[in-house]
Amino acid sequence: MTFQLLLVPTDGSEISARAVHQAVDLAAALGARVRFLHVQNNYPISLVGVGELVEASTIEALVEAAGKRAEAILQEAVAVADKAGVLAERAVLMNPLPHKAILEEASATGADLIVMGSHGRRGLEGLLLGSETQRVLLGSSTPVLVVR
């Protein structure tokens with residue numbers, strides 16, 4: 001199988017940064033391109049139950065800050081690709097379920113490989129929620145390379 005487009009979800013964490021570097025190295029070796037993806041929740045923090053306690057301007061400021069953070073995360077990833085001479089694209093999607101956004105993006109773009117960090121959760125949270133990576137692995141028809 002020839003990999004031409006690697007989809008690389010990133011959230012700016014250390015493990016995501018490792019996945020970015022691994023994906024760029026692989027793309028450089030294969031002559032492939034990368035598409036960096038950042039998935040945002042509909043709101044940067046949970047406001048359920050807060051009601052009128054939060055002013056609209058505060059919510060707007062939080063959404064704007066989340067957008068700036070997404071752009072910074074993607075700029076860092078693209079800089080890694082540029083340095084390696086790898087063609088890079090970027091996308092930001094809004095979805096409360098990151099794994100669904102990742103799977104939809106892989107399908108919509110025809111990605112040949114998803115490269116993502118392990119993001120393993122431990123303890124009760126991991127048991128109850130699982131990880132986004134695990135959910136992508138379970139739902140993907142596209143091969144997934146997990147970076148630890």
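No experiment lies behind these values; they were computed from the predicted model shown. (Residues numbered from 1 in each chain as written. Predicted model: local features only at pLDDT ≥ 70, side-chain atom pairs only at ≥ 80, totals over all residues. Heavy atoms only, no water.)

A.B. asks: So what exactly am I meant to see when it comes to the pattern of salt bridges here?
C.D. replies: Opposite charge on two side chains allows them to pair when their charged atoms are near. Under the defined criterion, the tally for this structure stands at 7 salt bridges. With a shortest N-O distance of 3.3 Å, Arg 18 and Glu 14 are connected by a salt bridge. Of this pair, Arg 18 and Glu 14 both sit in helix H1 (residues 14-30), separated by 4 residues, roughly a single helical turn. A residue is classified by how much of its surface remains accessible, and Arg 18, at 36% relative accessible area, is partly exposed. Two residues, Arg 90 and Glu 71, come together in a salt bridge whose shortest N-O distance is 3.0 Å. (Salt bridge = Lys/Arg side-chain N within 4 Å of Asp/Glu carboxyl O. Helix = DSSP H or I, 4+ residues; strand = E, 2+ residues; numbered from the N terminus. Buried < 20%, exposed > 50% of the residue type's maximum accessible area, 1.4 Å probe, protein only.)

A.B. asks: Whenever I open this one, the side chain of Thr 142 confuses me. Can you help?
C.D. replies: Counting through the fold element by element, Thr 142 comes out in the loop between helix H5 (132-139) and strand S5 (144-147). Filtering out sequence-adjacent residues up to four positions away, Thr 142 remains in contact with Ala 106, Ala 111, Asp 112, Leu 113 and Ile 114. (Contact = heavy atoms within 4.5 Å.)

A.B. asks: Explanation requested: H5 in the structure shown.
C.D. replies: Within H5 the residues assigned to the buried category are Glu 132, Thr 133 and Val 136. Take H5 and look down its axis: the buried residues cluster within an arc of 100°, on one side only. (Arc of directions from axis to C-beta.)

A.B. asks: What is the right way to read the side chain of His 38 from this model?
C.D. replies: The topology assignment puts His 38 in strand S2 (residues 33-40). Note on His 38: relative accessible area 9%, which makes it buried. Reaching out from His 38, the side chain makes a polar contact with the backbone oxygen of Thr 10 at a distance of 2.9 Å. Excluding its chain neighbours within four sequence positions, the residues that come into contact with His 38 are Thr 10, Asp 11, Ala 70, Ile 73, Leu 74, Ala 91, Val 92 and Leu 93. (Polar contact = N/O pair within 3.5 Å; in protein donor to acceptor, adjacent residues only side chain to side chain.)

A.B. asks: What is the right way to read helix H2 (residues 56-84) from this model?
C.D. replies: Structurally, the α-helix is built with 3.6 residues per turn, so residues lying three or four positions apart point the same way. Along its 29 residues, H2 runs 43 Å from first to last C-alpha, staying within 8% of the 42 Å computed at 1.5 Å per residue. What H2 keeps buried is the set Ala 66, Ala 70, Ile 73, Leu 74, Ala 77, Val 78 and Ala 81. In this fold, the buried residues of H2 make contact with H1, S2 and strand S3 (88-94). Backbone geometry just after H2 places Gly 85 at a positive phi near 75°. (Expected span 1.5 Å × (residues − 1).)

A.B. asks: Would you mind showing me how to read the nonpolar core here?
C.D. replies: Nonpolar side chains in soluble globular proteins tend to be buried together. Among the nonpolar cores identified, the biggest contains 18 residues, and Leu 6, Val 8, Val 34, Phe 36 and Val 115 are the most heavily contacted of them. Examining the composition of this core, we find that 5 residues originate from one element, H1, more than from any other. Apart from residues no more than four positions distant in its own chain, Phe 36 is found in contact with Val 8, Val 20, Val 24, Leu 74, Ala 77, Val 78, Ala 81, Ala 88, Glu 89, Arg 90 and Ala 91. Of all hydrophobic cores here, the second largest spans 12 residues; its members include Ala 91, Ala 106, Ala 111 and Met 116. (Core = buried A, V, L, I, M, F, W, Y, C linked by side-chain atoms within 4.5 Å.)

A.B. asks: I keep staring at the sheet that holds strand S4 (residues 113-117) and nothing clicks. Help me out?
C.D. replies: Sheet strands associate in pairs through backbone hydrogen bonding, adopting either a parallel or an antiparallel arrangement. In spatial order, the strands read S3-S2-S1-S4-S5; together these 5 strands make up an open sheet with parallel pairing. The open sheet terminates on both sides in strands that have one partner only, identified here as S3 and S5. Adjacent strand axes in the sheet meet at a mean angle of 25° when their direction is disregarded. Taken together, the 2 bridges between strand S1 (residues 5-9) and S4 define a ladder with parallel strand orientation. Within the sheet, the bridge partner assigned to Leu 7 lies in S4 and is Ile 114. This element, H1, spans S1, S2, S4 and S5 of the sheet and lies at about 170° to S1. (Pairing = 2+ DSSP bridges. Axes fitted to C-alpha atoms, helices over the stretch in contact; angles between N-to-C directions.)

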